[in-house]
Amino acid sequence: MSNHTIISKKELILRRNALFAVFLLPGMTFASWVSRTPEIREILDISTAMMGWIIFGLAFGSIFGLLSANRFILKTGGRFVIISSIIFLSIGLSIISIGILIATSTIVFLGLVLFGVGYGLVEVATNVEGAKLEKIAKKTILPALHASFSAGTLVGAGLGALAIFIQLPIYIHLSFIIVIILTIVWSAYRFIPEGTGKFIITNEKIKTPLKVNLWKEKRTLLICLIVLGMAFAEGSANDWLPLAIVDGFLVEPTIGTAIYAIFLSAMFLGRISGGYFLDKYGRVIVLRILAGLAIIGLTLVILSTNLVFASIGVALWGLGASLGFPVSLSAASDDPRGAVARVGFVSVAGYLAFLVGPPILGIIGEHIGLINAMSIVLVLVIIAGIVSHSAKELKMTD
């Protein structure tokens, strides 16, 4: 604990900025893939259900990354895991590019598996780093860090829309993204302290032997329900919104990508401003209001036959889903005893919903339509809103 006091303000700012840069990367790579999915489906000449099975490659790899991340962090520290994960992301994108170039679904699937491994690892490692930084700084930081993820998705979607507009081949587009993410991580990694997660877990082992049974902690499980609903709301839009708009409203892929950008902009707005509202009004009130907005937005998207009203719904959906994930992680880290274990546990729940739920949605959407399949998302968001009281701040005493 004493190490908190020896971190200078300059070091804290550099560390925060480096984390902002790293949080940007998975969002940018993910949105770069999603922005080209309507074209990829056509190039591979497959159905929506088959596209859902291919996306399972991403989910499968991500599950491995998510479930093994804490073990790797324990052994090597968060910084090493972050660097390794970006390498996995780059290799995965390279293989995906090759699969698209030769129009082979199996190779795209294998590329998504490796991409998923990197994605799962980086998300847990960055959130452990972010939760630690939040405690050191003694202020709400995770929503802003997740805003950087959203900014990355905006950048990725914007570059994707530009690539579609100028008819840039997908393999060239993705190669450009690889160069960007490797350059950013090379510039930022030195400002992230070595062994953060390793130190926290070792230190906690000494204090509590980490005999925390998370499956018996009612508060932690309810927080998982919040993150489950909100992460599924975010992930379903990230995987399927461009295709859902194209199929549901019979518009061109550029329109689908543009409306996806509306969702990402709303997510970014909610996260960049979230710290102020959370510090002023508390987690529970903010989560309840946002859940209400997401419910209204999803209802508009599902029921509307007018693209303008659906676009308004998409904006409310994005704003409503914006803070569920980062606020849940903050709540999971309230008690410093076992905080890393809880953050990892809630992260896994969130990213499983974010990554595994959408492929299932695609398979269902093949039979009832992607827009109608979003009713499942609506139900989970309603549940998240109902249990939002579990994120109430714990008042810890030393």
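Thresholds, definitions, all that
- Residues numbered from 1 in each chain as written.
- Predicted model: local features only at pLDDT ≥ 70, side-chain atom pairs only at ≥ 80, totals over all residues.
- Heavy atoms only, no water.
- pLDDT = per-residue confidence, 0-100.
- Helix = DSSP H or I, 4+ residues; strand = E, 2+ residues; numbered from the N terminus.
- Contact = heavy atoms within 4.5 Å.
- Phe/Tyr/Trp six-rings, centres within 6.5 Å; stacked < 30°, edge-to-face > 60°.
- Buried < 20%, exposed > 50% of the residue type's maximum accessible area, 1.4 Å probe, protein only.
- 1 Å grid on protein atoms, 1.4 Å probe; cavity = no way out; pocket = protein on both sides within 12 Å on 5 of 7 lines; lining within 4 Å.
- Points joined across faces, edges and corners; volume = space filled by probe spheres on them.
- Salt bridge = Lys/Arg side-chain N within 4 Å of Asp/Glu carboxyl O.
- Core = buried A, V, L, I, M, F, W, Y, C linked by side-chain atoms within 4.5 Å.
- Patch = residues over 30% accessible without salt bridge, like charges linked within 9 Å, V, L, I, M, F, W, Y side chains within 5 Å.
- Areas by Shrake-Rupley, 256 points an atom, 1.4 Å probe, with all protein chains shown as cover.

A. Spatial organisation of the confidence of the model for the protein. With 93% of its residues at a pLDDT of 70 or more, the protein has an overall mean of 85. Of all helices and strands in the protein, the one with the weakest mean pLDDT is helix α8 (residues 196-207) (49), whereas helix α11 (residues 283-303) scores best (96). pLDDT under 50 marks residues 1-5. Its contacts with residues more than four places away, or in other chains, come to four contacts.

B. Region of the structure containing the packing of aromatic side chains. Enumeration according to the criterion identifies eight aromatic pairs in this entry. Ring geometry for Trp53 versus Phe56: centroids 5.3 Å apart, planes at 35°, classification tilted. Placement of the pair is Trp53 and Phe56 together in helix α3 (residues 48-76), with a separation of three residues, close to one helical turn. On the numbers, 5.7 Å between centres and 40° between planes, the contact of Trp186 with Tyr189 is tilted. Using a relative accessible area of 58% as the deciding quantity, one classes Trp186 as exposed. Judged by relative accessible area, which is 24%, Tyr189 ranks as partly exposed. One aromatic cluster is present, built from ring pairs that chain together Phe30, Phe115 and Tyr119.

C. Seen up close, empty space enclosed by the protein. Taken as a whole, this structure holds one cavity of 30 Å³ or more when the rule is applied. Of the volumes computed, that of the largest cavity is approximately 50 Å³. Around the largest cavity sit Glu123, His146, Phe149, Glu234, Arg271, Phe325, Tyr351 and Phe354, which together line it. Among the secondary structure elements, those contributing two or more residues to the lining of the largest cavity are α6 (142-165) and α14 (339-368).

D. Representation of the pattern of salt bridges in the model. Here the structure, examined in full by the defined rule, presents seven salt bridges. Measuring nitrogen to oxygen at the nearest pair gives 2.9 Å for the salt bridge that ties Glu234 to Arg271. Of this pair, Glu234 sits in helix α9 (residues 218-249) while Arg271 is found in helix α10 (residues 253-281), placing the two residues 37 residues apart along the sequence. Neither residue differs from the other here; Glu234 and Arg271 are each classed as buried. When the shortest N-O distance is used, the salt bridge between Asp334 and Arg283 registers 2.8 Å. Placement of Asp334 in the loop between α13 (324-332) and α14 and of Arg283 in helix α11 is noted, with a sequence separation of 51 residues between them.

E. A look at the nonpolar core. Ranked by size, the top nonpolar core spans 111 residues in total, and within it Trp33, Ile96, Tyr119 and Trp317 carry the most contacts. When neighbours within four sequence positions are excluded, Ile96 is seen to be in contact with Trp33, Val108, Gly111, Leu112, Phe115 and Leu174.

F. A nonpolar patch on the surface, seen in detail. Judged by side-chain polarity, Ile98, Leu101, Ile102, Tyr171 and Ile172 come together as a nonpolar surface patch covering roughly 450 Å² of accessible area. Contributing elements (two or more residues each) for the nonpolar patch: α4 (78-101) and α7 (170-188). Tracing the backbone shows Tyr171 in helix α7.

G. How the structure looks around the environment of Ser97. As for its position among the elements, Ser97 is in helix α4. Taking the relative accessible area as the measure of exposure, Ser97 reaches 5% and is therefore buried. Sequence separation of Ser97 and Ser304 is 207 residues, and the distance between their C-alpha atoms is 36 Å. Ser97 has contacts with Tyr171 and Leu174, leaving out every residue within four places of it along the chain.

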